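# Commentary on secondary and tertiary structure
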Amino acid sequence: MASRSVVSGILFMIGCTIMFAIGSAVSKWQVATYPVGEILFVRVLVSLVTVSIIILPKTGLEVFRTRRLRDHATRSVTQAAAQTCIMIALSLMPLASVIAVNFSAPLFATLFSALIFKETAGRARWAALVAGFAGVLIVTHPGAETFQIGFLFAIGNAVLYGLVTAGVRSMTRTESPATLTMWQMVMLTVIFTAALPFGFVMPTAWDGVLMLVNGVSNAIGQYWWTKALHLAPAGAVGPFYYLSLVWAMGIGFLVWGDVPTVHLLIGSAVVVASGLALLWHETGRKKG
């Protein structure tokens, strides 16, 4: 039964990477035509409806019971800023490059956990952080002005998402995954609703369908990611998250003709290796 649970967790993790890659590709495609706020609003609204269908029949409105409303709000504002950054980065950089830079988020989460929540870092964590950031620099090798701007937004997303991850770690002591998910979706919907007056373009029927696909894939990806971590240890399923880069490279080549550069391949390898080293180190600490 234990081995079957691990296999199921791995399958859910692989599935979530496919969903996230599809959502990122659709976002990159549509950000060339539609305002960033509109794309984010539709995506999170559809995600809210999707997770509500999945979660609320099991929990009812009790899922919203919390004593940490301010923490939920702080997390959601930070996450809204992170999602805005990655959307802008997608408009300026190849899909695979954005995904590769985003892989540095767990490393920044380690940094913020040490600085804000006073978790012991140790040499292994700091070494992984430095190596991972070096890998990000190799991926982006800032040169042209537009690429530098895209890099700034991509790394801004990674830093903000790392901060969100560190905050969520502390919130899981009192909040269930369902509560964290529902409050996240509700508050993000409210935040991105406020962005609509600054820009809205009526989508075509086809683009409207793609926006729905974006939202559903995001919601299913989040749900499958949570399921994977519940079914199996992080050390067993975590490495499969990096398949996101494989899907991103494939989609980028098929849709935009992006050929992976040497910098992307080498830098991605460094970032992934740093993340895996940190994951295995943390897993070993917990077993010990």
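In this report, the structure presented in the accompanying data block is examined.

Parameters at a glance
- Residues numbered from 1 in each chain as written.
- Predicted model: local features only at pLDDT ≥ 70, side-chain atom pairs only at ≥ 80, totals over all residues.
- Heavy atoms only, no water.
- Phe/Tyr/Trp six-rings, centres within 6.5 Å; stacked < 30°, edge-to-face > 60°.
- Helix = DSSP H or I, 4+ residues; strand = E, 2+ residues; numbered from the N terminus.
- Buried < 20%, exposed > 50% of the residue type's maximum accessible area, 1.4 Å probe, protein only.
- Contact = heavy atoms within 4.5 Å.

### So, the packing of aromatic side chains
Per the stated rule, a full pass over the model turns up five aromatic pairs. Ring geometry for Phe103 versus Tyr242: centroids 4.8 Å apart, planes at 75°, classification edge-to-face. Within this pair, whereas Phe103 is found in the loop between α4 (95-102) and α5 (105-115), its partner Tyr242 is found in the loop between α10 (234-237) and α11 (243-256), the two being separated by 139 residues in sequence. Here the two residues Phe103 and Tyr242 agree in accessibility, since each one is buried.

### Describing the side chain of Thr78
Looking at where Thr78 falls in the secondary structure, it is placed in helix α3 (residues 69-92). Looking at Thr78, the relative accessible area reads 15%, which means it is buried. If we ignore the near neighbours within four places in the chain, the residues touching Thr78 are Leu160, Leu163 and Val164.

### Comments concerning the environment of Val49
Position of Val49 relative to the elements: it lies in helix α2 (residues 36-59). Residue Val49 is classed as partly exposed on the basis of its relative accessible area, which comes to 46%. C-alpha of Val49 to C-alpha of Ala105: the two residues are 56 residues apart in sequence and 27 Å apart in space.

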